[in-house]
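# Observations on the model geometry
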Amino acid sequence: MNRELEFMFVQSARVWIPDAEEVWKSAELTKDYKNDDASLHLMLEDGTTIDHKLDPKTKNLPYLRNPDILVGENDLTALSYLHEPAVLHNLKVRFIDSKLIYTYCGIVLVAINPYETLPIYGTDIINAYSGQNMGDMDPHIFAVAEEAYKQMARDERNQSIIVSGESGAGKTVSAKYAMRYFATVSGSASEANVEEKVLASNPIMEAIGNAKTTRNDNSSRFGKYIEIGFDNRYRIIGANMRTYLLEKSRVVFQADEERNYHIFYQLCASANQPEFKNLRLSTANDFLYTRQGRSPVIEGVDDAKELRTTRHAFTLLGINESYQIGLFQVLAAILHLGNVEIKDRDSDSSIIAPNNRHLTAFCELVGVTYQDMSQWLCHRKLKTATETYIKPLPRLQATNARDALSKHIYAKLFNWIVEHVNKALVTNVKQHSFIGVLDIYGFETFEINSFEQFCINYANEKLQQQFNMHVFKLEQEEYMKEQIPWTLIDFYDNQPCINLIEAKMGILDLLDEECKMPKGSDDSWAQKLYNTHLKTCSLFEKPRMSNRAFIIQHFADKVEYQCEGFLEKNKDTVNEEQIHVLKASKFDLLVELFQDEEKATTPTGQVPGTGGRTRLSIKPDKGRDTSSKEHKKTVGCQFRNSLQMLMETLNATTPHYVRCIKPNDFKLAFSFDPKRAVQQLRACGVLETIRISAAGFPSRWTYQEFFSRYRVLMKQKDVLPDKKLTCKNVLEKLVQDQDKYQFGKTKIFFRAGQVAYLEKLRADKLRAACIRIQKTIRCWLARKKYLRQRSAAITIQRFTRGHQARCLAKFLRRTQAATTIQKYQRMCAERKRFRQKQAAALAMQTILRAYMARQKYQALLREHKAVTIQKHVRGWLARCWYKRCLEAIVYLQCCIRRMRAKRELKKLKIEARSVEHFKKLNKGMENKIMQLQRKIDEQNKDNRVISERLVSLESSYATESERMRGELGRLRGVEEDAKNKANQVSSLLEELEKLRKELSVTQQEKKTIEDWAQKYRDEMEKMVSELKDQNGLLKKEKDDLNRMIQEQSQQMTEKMTRAIAQETQQLETDLNEERSRYQNLLTEHLRLEEKYDDLKEELAHSTSVSKPGHRRTDSTHSSNESEYTYNSEYAELEDGSRVGEDVTRGMDTSLTLKLQKRVTELEQEKQSLRNELENREEQFQRARARDDAQFRKARGAELEYESLKRQELESENKKLRHDLAEMRQSLLGSAAAGAGAPGSPAYKVLLDQLNASCEELEVRKEEVLILRSQLVSQKEALHHKETMTEPSVFAQDVNKLKDADELKQAYVGVKDTNRLLEQQLQAQRRTYDSEVESLRGELQNVKEENNRQQQLLAQNLQLPPEARIEASLQHEITRLTNENLELMADDPTASREARVIILRRMVDLMEQLEKQDRTIRKLKKQLKVYSKRIGEMGAGQTEGQTSPGQMVEEPIHPVNIPRREKDFQGMLEYKKEDEMKLVKNLILELKPRGVAVNLIPGLPAYILFMCLRHADYVNDDQKVRTLLTSTINSIKKILKKRGDDFETVSFWLANTCRFLHCLKQYSGDEAFMKHNTSRQNEHCLSNFDLAEYRQVISDLAIQIYQQLVKCMENILQPMIVSGMLEHETIQGVSGVKPTGLRKRTSSIADEGTYTLDSILRQLSAFHSTMCQHGTDPELIKQVVKQLFYIIGAVTLNNLLLRKDMCSWSKGMQIRYNVSQLEEWLRDKGLMNCGAKETLEPLIQAAQLLQVKKKTDEDAEAICSMCHALTTAQIVKVLNLYTPVNEFEERVSVAFIRTIQTRLRDRCESPQLLMDTKMIYPVTFPFNPSSLALETIQIPTSLNLSFLTRV
C-alpha cells in the first residue's frame, strides 16, 4: 500500500478537495507526498497555490482523479476511482460538454433533465435500440425499456421500471417514453389499437393529476404504477393503472407562482365554447381555487388546445361526449363552490347570503337544492347515544368544511376517471406477462415538512431497501458465477428506519392510536413519540428548540417534521350531511361517484391543513374490500397497506431503475448546479450503488481484453499461448498485493484504483517509447537539416561574391555616365531659365498695353450707353401720360351712357306692366285659333286621301321593286366593269405622269452629278482610303461576329445541357420517389395479405366444425388477381368466400371485412400510383421535348438577329458599289467631253483605285453571302420559322440611302422579287420532300405487309392441317380490325361502311369454318372406319395419321415404320386436370438447390411459358387465365412457407423475372422483338395480349425482391456491427477501455464472433447463389447496392449511439473495412452499381474521427468534407469523440459550436439516424434470352412426364 501511495501521490498527480461552492474542486500536487507529511501542496486549476491540511487522526488523503481517458464514460462503474467527486464530474462532463443526459451507474440509469427538447426519441432511435444488448449502445431510457422487454420474453418473468426523482426532474416524461417504446416495439395483438389507448391515457392523467409548481411546469402531483400487459407472443393487450398520493390540497390552495390542476385552467380557457355555456365559467382569475398562485398562464402552453387533446383522449378511451360534459360539469361546480363566500353571523356561527350566485350555480350543476347545501355548509350534525344535535360552525370551520368537500369531490372524480381508463385498457385476451412502470415522488425535504413529506419519504425508504437488496443480490450472483471468494459487503440497511415508522408502536401506530382518542392532539402525540423512541432508537431525535417536531435519520438525510396537522390529515374527515345531500342529487354522474359512500365517511384521501406545503390522498387498490371497516381506516393505515401491496408486486418482478436528476432550480437548459445534483445523487441511491460496487471489485476485464490493453507492459518472453496464464503471470509482477485483484473463470476482478494504476504504468511505457522514437527522428531530422544548410551556405557565398563584383563594375560605369549627364543637364537648365525670363518680360509688356487700351474703350462705351438710356426713358414717360388721359376720357363716357340706359330701361318696365299693353297683345288671338282649327280639319282629310293612295302605291311598288332588283344587279355588273376600266385608265395615266416626273428628275440629277464630278475627283482618294478602312472594319467585325456566334452557341449549348441535366435529374428523382411509394404500398399490401391469411388460419383452427371434402383456397386477398381477373374467376372467388363464411360462422367477421376493405383501398391506390407513374414519365418526355424546342427557338432567334445585321452590311456594300458605278460613268462621260482627259494619268490612277475597291467589295460580298448561307442552314436545321420582318428591314435599309428614288424602287423591287422566288422555291422543295417521304412510307408499308404475309404463310404451312384454317381466320380478323381502325381515324362514314363489309366477310368466314369443321369430322369418321377395317384384316401397316382418340381393341404387333421427324415448336401441352400436378411438381415441391446446380437457369420459367404458349396457340382463354393465376398463387404460397430461406427466395426471384422477360420477348411488340432471332419471332404469342398480367407479375417480382432484401438483411444484421465496428481487423491499433457493469459486446474476436471476413464470405455466398439461379446482372447490382446501404446505415447508426466507438483508431478500422468492401466490389465487377456511394456517409464519419479538430481551418475542412452527413450527425460524432489513449485530445466545446455556426444554413432533415428500413425502388430492365425454346429438354427428375412436346 505504501508503494502504491508513493507511486500515485506524486508531483503532477490530480486530486479532489472539498469546496463550498462547487462541492468538489480539482487540484494538482506540486510536491511528492510522504508518509509523515501533515499537508499537501496543491495548485488549483486557476493557478492558486494552497496547502491542504490532513486530518491528524485519520490521515485520510483526498480523492484521486481518474485518468482523462476515463472521463465521460457511459457507465460510472467503469471509473477506476469510484467516489462522489468522480461521479459528479463525470455526469457534469457528459451533460455540459457532450450534451448527453443519460448515464449508467451499474444497474441504474441516471437521467438529467435538459430542460430542452432533444431529437433522441424518434422512431428511428427506437428501431436502433430494438433488439440490442443494453451495454452495446449508449445509455438511454429506450435501452432500459428494451432490457425489460427482452428479459420478460427470455426469462418468462414480469418486469418493472422504477422511475423516481424530485419534482421537475423528468420522471413523468421518462415513464412516458418507456411506454411509447413498448407500444412501438411490441404492437398490439388486436385491431383495437391498445398501444394508442395506453399512450392516450397520458394526456388525461396529466390534465387531472399534473400542475405547475415552482420547480416544474408540468409536475405530477400523484404517483402511479402502470402495468402494461402482454400476451404469449409479447404483444400489448392492455394496461392497468394504480395511483398513489394524490395531492388533494392543491384543489383548494396553491402557493405563489404555482397553479391548480391543469384541467381547471383548460376549462376556463375554453369557457366561450358553445357546449360550455351552461357551466357559467369565465377566466381563471375569477375563481378562488385558480388564482391563489397568481400565475394562471404557463408560457408556451395553450390551455384551450390542451383541452381539445384531453377530450380527444377521452373519446379514444371510450368515454363519450355526454360523460365528458358531465365531468366538466362537476369540475365547474368545484370552482363555483370555492367562490361561495361564508360570512360571520356571530363568533360561533356563520351564514351564506341568500341567492348567492356561485352557490346557485353549484346547486344547478350538481342537481341539489340550494337550501340543503347552504344549511349543511354552515352547520354540522352531532350524534350521541340518545339524541342528535345540529351545531352551527364558525366561519373558519365552515370554510374548511367547504374546502374539504371540494377536495373530496375531486378525489372521487379522479378515482372515477382512473377506473374508467382502466376499463378502457382492459381486453378479453389472457395476459401472459406484464411490465410495470412506477412513476412516484423522490425523497423530499423542505423548510417545513408535514404529513405529506413523511408519507413520501416512508415510501422512498421502502423502495431504497428493495433497491439495496437487489444490487446486493446482483453482486453476489456475479461473484458466484465467476467463482470469486465471497465476502460480505457492508452496505446501509434501512430496516431500522422502516421499523421506526411501520412496526408495532411505531410512528404510524402511535398516530392511529392518537386519532382514536376523543381528545387526541398533535402535542400529546408528539409527547408519546418522545417517550417511546427518543431513548430507544438512534434514528429518532428531538429538536432542541421545539416540542412539536421530531427528526428522523433517513437513508438520504435527516428530516425534521412538524407535528401540527398530522392528526387531522390522518383522519381526513368530511361532513356526513354534505355527502347525503350530494347522494340525493338528480345528476346521475355525481350519484355514481358517491354510490359506495357509507355514513361514516373517511374517503381515500385526507383533509387539510394550512401549514403544510402539500397535502396528499391515497387511492386504495380497487380489488380490495370496500366495506365500512375499510373506509374507517386512517390515511396512514391505508397508505401502509397500499405500499405493502406495491412492494409485493415489485418484489415479484425484475426491477429496472431510472433515477431522474434536476440539474438546477431555474429550469435553464443544460445548466448544472453541483450542489443540487449531489443532494439528489445522495437521495436517490446512486452513491450507495457506487459504494457497494467500490467495496468489492468494481473493475472487471475479460482475459482477452486485459491482454489486448496491457500487452505493451509484457515482454516477448512473457507471452504464452494460454492468454489466461499470461495475464496471471504479468499481473502478479505488476501488482504485488494479491488482495487488489481476483481471477475468475472468464474475468479478472480489480479493486478500486487498480485500473488507474495499470493505466499509469501503460502510459509511462508508451511515453518512454514515444520519447525514444522522437529522439531518433529528431536526430535524423537535425542531421538532414545541417547538411542542407551547409550546402546552401556554400552556394550562397559563391553567388554573393559574384554579385558583389558585378555591382562594383556597374557602380563605376554609372559614375562616369552620371558626370556626363550632369554636364548636359546643367547646360539645358540654364538655357531654359534664360528663355523663361525673356518670355515673361514680353508677356508682361503685352498684358500692360492691352489693359490700357481696354480701359479707354470702356470709358467711351459707358458714355454712349448713358445717352441711349436717357432717350428711351423720356419717351416712355410721355407715352405713360398720354395713356392715362385717354383711359380717363373713356371711363367718363361709359358712365354717362350707363346712366341714360338705366333711365330708358325703367321707362320700358313701367309701360309693360299696364293693362292696355296686354289688350293690344291679345287682340285677334281668338280669330287665330279658329283659323288653326279649320286648317287641322283640312289636313286630316288630306291625310286620309294620301294614306289610301299610299296603300295602292305600295302594292305597285312591290312589283316594281322586284323588277328593279334584277335590273339593278345587271347594272351593277356593268358598273363594275366600267370602274375597272376607269381604274386602269387612271392608273395608266398616273404611271405616265410619274414616268414624266421621274424623267425630269433624272435629267436634273444628271446635271447635278455632272456638277459634282469635279468635286468628286478631288475627294476620290479620300473616299478610297475610307472604303479600305471600312472594308477592314467590316472584315474585323465579321471575324468578331463569327467568334461571338461560336461562343454564344457554345455557351447556349452548355447552358441548355446543364438545364436539361438538372431537369432530368429532378424528374428521375421524382420518378424514383413514386416508384418507392408504389413499392412500399406493395409491401404493405403483402403484409396485409399475410395477416389476412394468418387470421384465416387462426379462425380455421379455432372452429370445431370440419367439413369433409376438398375446399378451394380463398384467393380474395390477392390484389394482383383482383385487378386482372375475368368474370369467370369472380364466381369462383364468391364460392370461396361463401365457404370461408361457413367455416367462420358464428364468429366476429368485422376484422376480416375491415382487412378486405383495406386491401381494396390499397389496390385502388396502387392503380392510381401506377397511372401517376406513367403520367410522370410522359411529363418527363414532354419536358425534355419542350427544353429542346426552347433551345432551338433561342438559337434561331440569335441566328436571325445576326443575319439581319449581315443583311444591313450587305445593303451598305451594295449602295457603295452603286455609287462607285455611277461615279465611274460620270467620270467617263466628263472625260469624253474634254480633250485629252481620258488619257490623263490622274484619271487612270483614279480608275485603278475604283476597280480595286470594287474587287475588294466583291470579295467581302462573297464572304457575307457565305456567312449568311451558313446562318440560314443552321436556322433550317433547327426548324425555326423564317422571319416575317425582313422586307421591312430591307425597305428601312433602302430608305436610309441618299440615292435617287428610282434606284430605291428598283432595289426594293428586285429584293422583293428575289425573296418571292426564294419562298416559292423553298415551298416547292418542301412539297417535293413531303411527297417523296410519303411515297417512301407507302413503299415501306407495302414491304412490311409483304414480309408479314410471307411469315404468316410460312407459319400456316408449318401448322397442322386442322389448325391452318383457324390461324388464317384469326389473321384475317386481325387484318380487318386494323383496317377498320385506320378507316375510323380517317373517315367515320367510310369506317361505318367498312365495318358492315367486315362483318359480312366475318360471317362468310365463320360459315366457311363451320363447313370445314363438318368436313373434318366426316373425314375423321371415315378414317376410324377404315382403321377398324384394316385392324380386322390384320394388316400391319397404316397409312396417314391416326386420330388421338383412336382405340384399338385387339393387340397390334409393333413394326418399325420410317417416319419424318416433326419440327418441335417450343410448346408444351397438358391436360386441364394436370394443371395442379404441374404447379405442384414445378413450384411447390421443387428444390432450388438441385435445380440451380444441375439444370439450366430459369428452367421452371421456360417450362411455364411453353405451357402458356400452347394455351395461347389453341386459343383457350380459360386455360391461360387459370395457369397464370395458379402460378402466381403458388409462388406466393411457397414464398410464404419458405420465405426465410435465401435460396428459395432468390431462385423464385430469378424465375419470376425470367418469366416476365419471356412474356415481353414473345409478346409480339416490336420494342421487345428487335433482339430476337427469326425463329424466336415465330414463337410469339398470337391470340392473347398479356400486358396486364405482365404488370401483375412485375408487382409479384417487386414483392419477392423486397422479401429477398429482408431475408438477406436478417442474415447480415448480426454480422454488421461485430464485423464493421467491434472486430479489430488491424490488430493492435486500438486498445480496450474499461466497460463497467453494463458489459458491452467484446471488441476482440473470440470464437463465434463475426468478423469482416464473415461479412465478405456471406456477400460472396449471396452473389454466387444469385448467379447460379440466373438472376439478371442489373438486378444483382441493385441487390448489392441495397445490401451495402444496409451495411453503411447500420454501422453509422451504431457509431452514432456508441461513445466507445468514436475514436481515432476506430476511424482507421472503419476505413480499412470499407476499403475491403470496395475491393470485393472490384473483384465482382460491381464498382459501377452505386454501392460505393451508399457507403459515403460512413466513410465521411470515419474521416471525421481521424481529422484534426482544433482550429477554424479544421472546421472549414470538416464542413466541406462531410457533405453526406447531416449537421446533427456531425455534431453527434464530435460530442461522442473519446480518446482511447492519453496522447489524443478531446474536442472542445468551442470547436463544436463553430461547426454548428458554419452548418446552420444547411437545409436538411434534423433526423439523427439513417433509415435502415429504406429500400431503393427496384426496376427490371428487359433482358431477352438467346435460348431457343425448341432446344429445351425437360429432365425426368422434375416428374413432368404428363407434358407433351408440340
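Numbers given to residues run from 1 along each chain, matching the order in which its sequence is written. The model is predicted, so local features are restricted to residues of pLDDT at least 70 and side-chain atom pairs to those at 80 or more, both for listing and for counting; the totals for chains, interfaces and linings are taken over all residues. The basis for every side-chain value is the complete set of non-hydrogen atoms in the structure, without hydrogens or water.

### A word on the overall build of the chain
When its secondary structure is counted, the chain shows 53 helices and 26 strands. Partly exposed describes any residue whose relative accessible area lies between the buried limit of under 20% and the exposed limit of over 50%, with all areas from a 1.4 Å probe on protein chains only and scaled to the type maximum. Across the 1846 residues in the chain, those meeting the buried criterion constitute 44%. The contact rule is simple, with two residues in contact once any of their heavy atoms fall within 4.5 Å. Nonlocal contacts in the chain, meaning residues at least 24 apart in sequence, comprise 73% of its contacts between residues at least 6 apart. A run of DSSP states H or I qualifies as a helix once it reaches four residues; a run of E qualifies as a strand once it reaches two. Both are numbered from the N-terminal end.

### Some remarks on unusual backbone geometry
Unusually for a residue other than glycine, Y234 sits at a positive phi of about 60 degrees. Position of Y234 relative to the elements: it lies in the loop between β11 (223-230) and β12 (236-244).

### Structural notes on the environment of N210
Topologically, N210 is positioned in strand β9 (residues 210-211). Along the chain, N210 and N260 lie 50 residues apart, while their C-alpha atoms are 8.5 Å from each other. Setting aside residues no more than four positions away along its own chain, N210 makes contact with T172, M205, N218, S219, S220, R221, F222, N260, Y261 and H262. In the analysis that follows, any N or O atom pair within 3.5 Å is treated as a polar contact, provided that within protein one partner can donate a hydrogen and the other can accept it, and provided that, for residues neighboring in sequence, both atoms belong to side chains. At 3.4 Å, the side chain of N210 forms a polar contact with the side chain of S220.

### Thoughts on the pairing of strand β19 (residues 549-553)
Among the five residues that make up β19, four are buried, leaving the element largely enclosed by the rest of the structure. Where strand β18 (residues 540-541) meets β19, two bridges bridge the pair, whose relative direction is antiparallel. Looking across to β19, one finds that F540 is bridged to I552. Note on pairing: two strands pair once DSSP finds at least 2 bridges between them.

### Structural notes on the side chain of E1475
Here E1475 lies in helix α38 (residues 1475-1484). Reaching out from E1475, the side chain makes a polar contact with the side chain of T1522 at a distance of 3.1 Å. At a separation of 2.8 Å, a polar atom in the side chain of E1475 contacts the side chain of S1526.

### Considering the nonpolar core
Here, nonpolar core refers to any group of buried Ala, Val, Leu, Ile, Met, Phe, Trp, Tyr and Cys residues whose side-chain atoms link them within 4.5 Å. Core analysis: the biggest nonpolar cluster contains 318 residues, and F182, I263, F362, M373, W525, F550 and L1659 have the highest contact counts within it. Counting residues in each nonpolar core, the second largest holds 33 residues, with I17, Y703, V755 and Y757 among its members.

### Considerations on the sheet that holds strand β8 (residues 159-165)
Taking strand neighbours across the sheet as the criterion, the seven strands line up as β6-β7-β21-β8-β17-β11-β12 in an open arrangement whose pairing is mixed. Unpaired on one side and paired on the other, β6 (102-105) and β12 mark the two borders of the sheet. Sheet twist, expressed as the mean angle between neighbouring strand axes with direction ignored, is 20 degrees. Summarising the sheet, strand β7 (residues 108-112) and strand β21 (residues 654-661) pair through five bridges and their orientation is parallel. Axes here mean lines fitted to C-alpha atoms, for a helix over just the part in contact, with angles spanning 0 to 180 degrees between N-to-C directions.

### Points about the pattern of salt bridges
Each salt bridge in this description consists of a side-chain nitrogen of Lys or Arg and a carboxyl oxygen of Asp or Glu lying within 4 Å of one another. Applying the stated criterion across every chain yields a total of 48 salt bridges. Among the ionic pairs, R250 bridges to E247, the shortest N-O distance being 3.3 Å. Taking the relative accessible area as the measure of exposure, R250 reaches 2% and is therefore buried. The class of E247 is buried, set by a relative accessible area of 1%. A salt bridge links D665 to R676; its shortest N-O distance comes to 2.9 Å.

### Topic: the sheet that holds strand β24 (residues 747-750)
If you trace the three strands from one edge of the open sheet to the other, you get β22-β24-β23, paired in antiparallel fashion. One side of each edge strand has no neighbouring strand; the edge strands of this open sheet are β22 (699-702) and β23 (741-743). Averaged over all pairs of adjacent strands, the angle between strand axes in this sheet comes to 20 degrees, irrespective of strand direction. Relative to β24, β22 is paired through four bridges, and the arrangement is antiparallel. Across the sheet, residue T702 finds its bridge partner in β24, namely K747. On the sheet, helix α26 (residues 723-734) packs against β23 and β24 and is oriented at approximately 160 degrees with respect to β23.

### Section: the pairing of strand β13 (residues 342-346)
Note: β13 against strand β14 (residues 349-352), four bridges, orientation antiparallel. Across the sheet, I342 pairs through a bridge with I352, a residue of β14. Hairpin geometry of β13 and β14 is characterised by an intervening segment of two residues between the two adjacent antiparallel strands.

### Some words on the environment of E196
You can see E196 is positioned in helix α6 (residues 194-209). For E196, a relative accessible area of 40% gives the class partly exposed. Taking the C-alpha atoms as reference points, E196 and A313, separated by 117 residues in sequence, lie 9.5 Å from one another.

### Quick notes on the environment of N468
Secondary-structure assignment places N468 in helix α14 (residues 451-481). Under the relative-accessibility criterion, N468 is labelled buried at 1%. The sequence separation of N468 and E688 amounts to 220 residues, and the corresponding C-alpha distance is 8.0 Å.

### Structural notes on α14
One fewer than the residue count of a helix, multiplied by 1.5 Å, yields its expected span. With 31 residues, α14 should cover 45 Å at 1.5 Å per step; its first-to-last C-alpha distance of 45 Å lies within 8% of that length. Across the 31 residues that make up α14, a large majority, 24, are buried.

### So, a negative patch on the surface
The patches described consist of residues with a relative accessible area above 30% and no salt bridge, like charges being joined within 9 Å and nonpolar side chains (Val, Leu, Ile, Met, Phe, Trp, Tyr) within 5 Å. Surface accessibility in these figures is a Shrake-Rupley result with a 1.4 Å probe; residues are shielded only by whichever protein chains are displayed. The charge count includes Lys and Arg as positive and Asp and Glu as negative, but it does not include His or the ends of the chains. We put the charge of a Lys on NZ, of an Arg on CZ, of an Asp on CG and of a Glu on CD. Together, D1018, E1019, E1026 and D1029 give the surface a local cluster of negative charge. With respect to the helices and strands, the residue E1026 is situated in helix α29 (residues 925-1102).

### Looking at the packing of helix α12 (residues 370-377) against helix α19 (residues 576-583)
The N-to-C vectors of α12 and α19 enclose an angle of 165 degrees; their axes lie 9 Å apart at closest approach. On the basis of the axis angle, α12 is roughly antiparallel to α19. The two elements α12 and α19 cross, and the hand of that crossing is left-handed. Of the residues in α19, those in contact with D372, M373, W376 and L377 of α12 are E577, Q578, V581 and L582. Classifying every residue of the contact of α12 with α19 gives five nonpolar, one polar and two charged. Should an angle fall under 35 degrees it is called roughly parallel, over 145 degrees roughly antiparallel, and 65 to 115 degrees roughly perpendicular, with every other angle called oblique. In this scheme, a crossing is called left-handed if the near helix is turned counterclockwise away from the far one by less than a right angle; it is called right-handed if the turn is clockwise. In this count, Pro and Cys sit with the nonpolar residues alongside Ala, Val, Leu, Ile, Met, Phe, Trp and Tyr, while Asp, Glu, Lys and Arg are called charged and the others, Gly among them, polar.

### What about the packing of aromatic side chains?
Aromatic pairs are defined between Phe, Tyr and Trp rings, using the six-membered ring for Trp, whenever the two ring centres lie within 6.5 Å; interplanar angles under 30 degrees are classed as stacked, those over 60 as edge-to-face, and all others as tilted. What the rule picks out here adds up to 34 aromatic pairs. Both rings, one in F454 and one in F566, keep their centres 6.0 Å apart while their planes meet at 65 degrees; by these two values the pair is edge-to-face. Pair noted here: F454 is in helix α14 and F566 is in helix α18 (residues 566-571), with a separation of 112 residues, a long-range link. Three or more aromatic residues joined by ring pairs make a cluster, and in this case those are F451, F454, W525, Y530, F540, F550, Y561 and F566. By definition here, charges over rings are those cases where NZ of Lys or CZ of Arg is within 6 Å of the ring centre and within 35 degrees of the ring normal. When the ring centre of Y265 is taken as origin, the NZ or CZ atom of R259, which lies over that ring, is 4.0 Å away. The aromatic ring of Y1470 is capped on one face by K1519, whose charged end is 4.2 Å from the ring centroid.

### A closer look at the packing of helix α41 (residues 1517-1537) against helix α42 (residues 1542-1561)
Two elements in contact, α41 and α42, have axes separated by 10 Å at closest approach and are oriented at 160 degrees. In terms of orientation, α41 and α42 fall into the roughly antiparallel class. The two elements α41 and α42 meet at a crossing, and its hand is left-handed. Where α41 abuts α42, its residues L1524, I1531, I1534 and L1535 lie against T1544, V1545, W1548, T1552 and F1555. When its residues are assigned to classes, the contact of α41 with α42 shows seven nonpolar, two polar and no charged.

### Side note on the confidence of the model for the chain
Within the chain, residue pLDDT values average 78, and 76% of them lie at 70 or more. Known as pLDDT, the predictor's confidence for each residue is given on a scale from 0 to 100. Between the elements of the chain, mean pLDDT differs from a low of 37, seen in helix α30 (residues 1119-1123), to a high of 94, seen in helix α7 (residues 262-269). Confidence drops under pLDDT 50 across residues 1435-1462; counting only partners more than four residues distant or on other chains, this segment forms six contacts.

### So, helix α9 (residues 303-316)
Look at α9: 20 Å from first C-alpha to last across 14 residues, which is about the 20 Å you get at 1.5 Å a residue. Those residues of α9 lying buried are D303, A304, L307, T310, R311, A313 and F314. A distance of 3.2 Å separates the backbone nitrogen of A304 from a side-chain oxygen at the start of α9, and that oxygen is part of D302.

### Notes on the side chain of N460
Among the structural elements, N460 can be located in helix α14. Among the residues examined, N460 registers a relative accessible area of 8% and is labelled buried. For N460, the side chain forms a polar contact with the main-chain nitrogen of F443, separated by 3.5 Å. Residues contacting N460, with those up to four places away along its chain left out, are Y441, G442, F443 and F555.

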